[in-house]
Amino acid sequence: MTTRAFRTGVTATCVLLALAGCAGTGTPATSGPPYPSASSAHPEPRLGSGGPSAEDGPAEAGAHHHPAQEQVGELEAALVAQEPDRFGGAWIGGYEPEFRVVVALTEVDPRPTALDDFPDLVDHVTLTRVEFAALELEAARARAEEALTEAGVLGGIGVHPMDNRVLVEVAGTDVDEAEQAVSGIAGVTVTRVPDLPERYPGLGVHETAPDEPTGGR
């Protein structure tokens, strides 16, 4: 199999991690991946994810607006800076019956003090516990991308905070090889997709299989 670079997905959380000094921790930032097929487009969300970050709200976002939603990105940046070891992501959880913002943390106690700086938003925030911090997922993404590229597997990869996972999308013929390549990396899920050539043009993938999750850690 010819080795080609994976196409990397960039999420708002990843960019904020870079601004907060992610590169200084040894975790590569994803704001400018050094691959020919790099793009700002992330793998499309799987069922139940809804989107990758605070920048991507639920399906009804286009028909709704809440004044406090303009502060969600600022809250996310503050949490990245103040809670890097436990912050897993932030996103708009919905508008009906009321506006909701979800903040994911590996530990919900103590309550983040950054919330106090957003009085118009804090009453709409729900804290939820997740397994991995955003920094951990970004490190896992970098490791997985390197392993998959070395294995010669073609596809897409991106951090999905709402799933609290790194999602790898490959053709059905490459699932086993991809799973083997990332088997030792926690937080990575491999998914086969039927439209890989259309989703990631230029990768040279032709064989595909039904779209379904196949596993992960």
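Worth saying up front: this structure is predicted, and the values here are computed from it rather than measured.

Peer 1: Any chance you could explain the pattern of salt bridges here in plain terms?
Peer 2: Oppositely charged side chains can form a pair if their charged atoms are brought close together. Tallied over the full model, the rule gives six salt bridges. Note that Glu83 is salt-bridged to Arg86, the shortest N-O span being 2.8 Å. A single burial state applies to Glu83 and to Arg86, both of which are buried. Notably, a salt bridge pairs Arg129 with Glu107, separated by 2.9 Å at the nearest N-O pair. Residue Arg129 is found in strand β4 (residues 125-129), and its partner Glu107 is found in the loop between β3 (100-105) and β4; the two are separated by 22 residues along the sequence. By relative accessible area, which is 57% here, Arg129 ends up exposed. Among the charged side chains, a salt-bridge network with shared partners connects Glu138, Arg141 and Glu145.

Peer 1: What am I meant to see in the environment of His160 here?
Peer 2: Along the polypeptide, His160 turns up in strand β5 (residues 156-160). Separated by 26 residues in the primary sequence, His160 and Ala134 have C-alpha atoms spaced 9.3 Å apart.

Peer 1: Explain the sheet that holds β3 to me, please; I cannot follow it from the model alone.
Peer 2: Strands belonging to one sheet form pairs held by backbone hydrogen bonds; the direction of such a pair is parallel or antiparallel. Across the sheet, which stays open at both edges, the three strands sit in the order β2-β3-β4 with mixed pairing between neighbours. Single-partner strands in this sheet number two, and they are β2 (87-94) and β4. Neighbour-to-neighbour, the strand axes of this sheet turn through a mean angle of 25 degrees, independent of strand direction. Here six bridges tie β2 to β3, and the two strands are oriented antiparallel to one another. Bridge pairing in β3 places Phe87 opposite Leu105. Together, β2, β3 and β4 form the strand contacts of helix α2 (residues 72-82), whose direction differs from that of β2 by roughly 165 degrees.

Peer 1: Is there a simple way to explain the side chain of Glu138 in this structure?
Peer 2: Topologically, Glu138 is positioned in helix α3 (residues 134-151). Separated by 3.0 Å, the side chains of Glu138 and Arg141 make a polar contact.

Peer 1: How do you make sense of the side chain of Arg141 when you look at a structure like this?
Peer 2: Relative to the helices and strands, Arg141 resides in helix α3. Owing to a relative accessible area of 3%, Arg141 belongs among the buried residues under this scheme. At 2.3 Å, the side chain of Arg141 forms a polar contact with the side chain of Glu145.

Peer 1: Looking at this model, I keep getting lost on the environment of Arg199. Mind explaining?
Peer 2: In this fold, Arg199 is placed in helix α5 (residues 196-199). Arg199 sits in the buried class, given a relative accessible area of 15%. For the pair Arg199 and Gly155, spaced 44 residues apart in sequence, the C-alpha separation works out to 9.1 Å.

Peer 1: Is there a simple way to explain the nonpolar core in this structure?
Peer 2: A general feature of soluble globular proteins is that nonpolar side chains tend to end up buried together. Membership of the largest hydrophobic core comes to 19 residues, with the highest contact counts inside it found for Leu75, Phe87, Phe99, Val103, Leu121 and Val125. For this core, the secondary structure elements donating two or more residues are α2, β2 and β3. The biggest single contributor to this core is α2, with five residues. Excluding anything up to four places from it in sequence, Val125 contacts Leu75, Val101, Val103 and Leu115.

Peer 1: I tried to follow unusual backbone geometry on my own but got confused; where do I start?
Peer 2: Most of the time, phi is negative for any residue but glycine, and the peptide bond is trans. For the bond from Glu96 to Pro97, the omega torsion is 0 degrees, close enough to zero to count as cis. The linkage connecting Asp109 with the following residue, Pro110, adopts the cis geometry, with an omega of 0 degrees.

Peer 1: Sorry, what's going on with the packing of aromatic side chains here?
Peer 2: Geometrically, a pair of aromatic rings is defined through the distance of the ring centres and the angle of the planes. Within the structure shown, the criterion is met by one aromatic pair. Here the aromatic rings of Tyr95 and Phe99 are separated by 5.5 Å at their centres, their planes lie at 45 degrees, and the arrangement is tilted. Since its relative accessible area comes to 7%, Tyr95 is described here as buried.

Peer 1: Would you mind showing me how to read α3 here?
Peer 2: Note: α-helices contain 3.6 residues per turn, so residues at a spacing of three or four share the same orientation. Between the first and last C-alpha of α3 there are 25 Å, a value that for 18 residues agrees with the 26 Å anticipated at 1.5 Å per step. Immediately downstream of α3, the backbone of Gly152 shows phi near 80 degrees, a positive value.

Procedures and definitions
Residues numbered from 1 in each chain as written. Predicted model: local features only at pLDDT ≥ 70, side-chain atom pairs only at ≥ 80, totals over all residues. Heavy atoms only, no water. Salt bridge = Lys/Arg side-chain N within 4 Å of Asp/Glu carboxyl O. Buried < 20%, exposed > 50% of the residue type's maximum accessible area, 1.4 Å probe, protein only. Helix = DSSP H or I, 4+ residues; strand = E, 2+ residues; numbered from the N terminus. Pairing = 2+ DSSP bridges. Axes fitted to C-alpha atoms, helices over the stretch in contact; angles between N-to-C directions. Contact = heavy atoms within 4.5 Å. Polar contact = N/O pair within 3.5 Å; in protein donor to acceptor, adjacent residues only side chain to side chain. Core = buried A, V, L, I, M, F, W, Y, C linked by side-chain atoms within 4.5 Å. Phe/Tyr/Trp six-rings, centres within 6.5 Å; stacked < 30°, edge-to-face > 60°. Expected span 1.5 Å × (residues − 1).

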